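Coordinates in review
The primary structure of each chain is shown beneath.
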Amino acid sequence: MDPTSLQRLVFLTSLLSCSTNQARLTVTPSSSQVFEDERVSLRCEDASDGWTVKRNTSYDNRAECGVDWGAPDGSSCTIGSSDTFESGVYWCESTEGSTSNTITITVSGGSVILQSPALPVIEGVDVTLICRTKMADNLPADFYKDGVFIRTESDGHMTLHHVSRSDEGLYKCRVQNEGESPESRLSVSDKPPMTATNATTTLSSFHLVFRVICHLVVFCPYCICTFIVVSLYRERARGNDSSVSVAMTPPTHAEQGLDDDYDDVMSAVTTEHQF
Ligand SMILES: *[C@@H]1O[C@H](CO)[C@@H](O)[C@H](O)[C@H]1NC(C)=O
């Protein structure tokens with residue numbers, strides 16, 4: 001098996017063992033910035049009972065959904081009408097203290113927001129950042145990264161093609177006569193993250209299982225062929241050995257013959273491997 005399939009096997013194993021008790025936090029709308037009064041839904045996916053959404057804001061720490069804020073629904077939590085003080089870091093936590101990924105949400109009281117992915121994006125994909133005002137999301141907008149002007153987009157949409165680690169940073173946008181959005185961090189992850197959707201995870205599991213089966217199907221006939229070739233040569237060697245005995249050749253000569261056959265077998269096996 002080549003190293004990549006071995007990696008896949010290891011990944012598959014870890015996927016199967018991890019997916020049982022690792023919760024992931026997702027947010028709707030899928031944006032790290034929302035306008036004040038917007039509805040925000042937080043969901044702990046793949047979570048069993050006993051997981052709740054918690055948050056740190058500038059007002060409270062480790063505040064629990066249903067106790068200190070929000071309306072709980074199983075392992076999910078909804079903020080019906082968000083307020084600026086609800087800006088902060090959100091995560092899922094189990095009763096045992098296990099935690100999920102975190103999501104930073106900024107609730108803006110201003111008139112411009114930057115709609116950017118709340119979860120890390122996978123290296124290589126295209127990411128579109130949208131500059132929205134309360135009235136429209138296609139007005140001309142200036143985009144900034146880490147405080148530095150990048151470019152103006154006439155429709156307020158800036159697409160980053162094939163994102164890489166170098167695209168990580170704090171982004172914001174500005175709309176003429178409207179104002180500036182808060183800043184939000186864009187994170188790029190270099191491997192299939194734990195934040196993949198259920199469907200993607202299932203699909204990649206199937207894909208991996210399929211690959212493993214394929215490798216076995218290819219690998220088994222190869223082993224069987226090698227075994228048969230070795231057996232045949234063994235058989236031939238034994239045949240030669242008995243004919244040698246009948247001819248009453250001296251033992252030293254018989255040993256020599258066996259050695260030759262052994263060499264034949266070895267070269268056959270070597271050829272097989274190269275094949
Ligand atoms: C939340 O705040 C607590 C207390 O300050 C801190 O220990 C914890 O690391 C914070 N959690 C996150 C995810 O920022």
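If you're wondering where the values come from, they're calculated on a predicted model, not measured in any experiment.

So, how was this worked out
- Residues numbered from 1 in each chain as written.
- Predicted model: local features only at pLDDT ≥ 70, side-chain atom pairs only at ≥ 80, totals over all residues.
- Heavy atoms only, no water.
- Helix = DSSP H or I, 4+ residues; strand = E, 2+ residues; numbered from the N terminus.
- Buried < 20%, exposed > 50% of the residue type's maximum accessible area, 1.4 Å probe, protein only.
- Areas by Shrake-Rupley, 256 points an atom, 1.4 Å probe, with all protein chains shown as cover.
- Pairing = 2+ DSSP bridges.
- Axes fitted to C-alpha atoms, helices over the stretch in contact; angles between N-to-C directions.
- Near = heavy atom within 4 Å.
- Polar contact = N/O pair within 3.5 Å; in protein donor to acceptor, adjacent residues only side chain to side chain.
- Nonpolar A, V, L, I, M, F, W, Y, C, P; charged D, E, K, R; others polar.
- Core = buried A, V, L, I, M, F, W, Y, C linked by side-chain atoms within 4.5 Å.
- Contact = heavy atoms within 4.5 Å.
- 1 Å grid on protein atoms, 1.4 Å probe; cavity = no way out; pocket = protein on both sides within 12 Å on 5 of 7 lines; lining within 4 Å.
- Points joined across faces, edges and corners; volume = space filled by probe spheres on them.
- Phe/Tyr/Trp six-rings, centres within 6.5 Å; stacked < 30°, edge-to-face > 60°.
- Lys NZ or Arg CZ within 6 Å of the ring centre and 35° of its normal.
- Disulfide = S-S within 2.5 Å.

A count of helical and extended segments in the chain gives three helices and 19 strands. Counting all 275 residues of the chain, 32% fall into the buried class. If you sum the accessible surface of the chain, you get close to 16,300 Å²; carbon and sulfur atoms cover 57% of it.

Paired through backbone hydrogen bonds, the strands of a sheet run either parallel or antiparallel to each other. Ordered in space as 10-12-15, the three strands form an open sheet in which the pairing is antiparallel. Each end of this open sheet is capped by a strand with a single partner; those strands are strand 10 (112-115) and strand 15 (157-160). The average undirected angle you get between the axes of adjacent strands in this sheet is 15°. Where strand 12 (residues 127-133) lies against strand 15, four bridges are found, and the strand directions are antiparallel. Among the inter-strand pairings, Val127 is bridged to a residue of strand 15, identified as Leu160.

With that out of the way, let us pick up the site of the ligand. In the region of the ligand, the neighbouring residues are Asn56, Asn61, Val89, Trp91 and Thr102. Take Asn56: an N or O atom from its side chain is 2.3 Å from an oxygen atom of the ligand. Between the ligand and the protein, one listed contact pairs an oxygen atom with a side-chain N or O atom of Asn61 at 3.3 Å. Surface burial for the ligand is 46%, taken as the share of its 360 Å² of free accessible area covered by protein chains. Residues of the shell around the ligand, tallied by class, amount to two nonpolar, three polar and no charged.

Judged by nonpolar contacts, the single largest core of 21 residues is most densely connected at Leu42, Val53, Trp69, Tyr90 and Ile105. In this structure, Trp69 is in contact with Leu42, Val53, Lys54, Arg55, Ala63, Glu64, Cys77, Ile79 and Tyr90, ignoring residues within four places of it in sequence. If you look at the next biggest cluster of nonpolar residues, it comprises 16 residues, including Leu160, Tyr171, Cys173 and Val175.

This next bit is on the pairing of strand 12. A large share of strand 12 lies buried, amounting to five of its seven residues. With four bridges joining them, strand 10 and strand 12 adopt antiparallel strand pairing. Within the sheet, the bridge partner assigned to Leu114 lies in strand 12 and is Cys131.

Summarising the element assignment, Arg55 is placed in strand 4 (residues 52-57). A sequence separation of 35 residues divides Arg55 from Tyr90, and the C-alpha atoms of the two residues are 4.3 Å apart. Reaching out from Arg55, the side chain makes a polar contact with the side chain of Tyr90 at a distance of 3.1 Å.

Let's shift gears to the layout of surface pockets. Volume-wise, the second largest pocket comes out at about 190 Å³. Taken together, 14 residues line the second largest pocket, and the ones lying closest to its centre are Ser32, Thr104, Ala118, Arg185 and Ser187. Secondary structure elements with two or more residues in the lining of the second largest pocket: strand 9 (99-108) and strand 18 (184-186). Of all the elements, strand 9 adds the most residues to the lining of the second largest pocket, at four residues. Residue composition of the lining of the second largest pocket, by class: six nonpolar, six polar and two charged.

On to the packing of aromatic side chains, then. Applying the stated criterion across every chain yields a total of three aromatic pairs. Between Tyr144 and Phe149, the aromatic rings sit 5.7 Å apart at their centres with planes inclined by 70°, giving edge-to-face as the arrangement. Residue classification places Tyr144 among the buried positions, given a relative accessible area of 13%. Between the NZ or CZ atom of Lys172 and the centre of the ring of Tyr144, over which it lies, the distance is 5.4 Å.

A separate point is the state of the cysteines. Structurally, a disulfide amounts to a covalent bond that connects the sulfur atoms of two cysteines. The final tally for this structure, using the stated rule, is three disulfides. Cys65 shares a disulfide with Cys77; S-S distance 1.9 Å. Around the S-S axis, the bridge from Cys65 to Cys77 shows a dihedral of about 90° and counts as right-handed. Highlighted residues: Cys65 in the loop between strand 5 (63-64) and strand 6 (71-73) and Cys77 in strand 7 (residues 76-79), separated in sequence by twelve residues. Grouping residues by exposure puts Cys65 and Cys77 together as buried. Bridging Cys131 to Cys173, the disulfide has an S-S length of 2.0 Å. The S-S bond linking Cys131 to Cys173 shows a torsion near 85°; that makes this disulfide right-handed. Of this pair, Cys131 sits in strand 12 while Cys173 sits in strand 16 (residues 169-175), placing them 42 residues apart in sequence. Since its relative accessible area comes to 0%, Cys173 is described here as buried.

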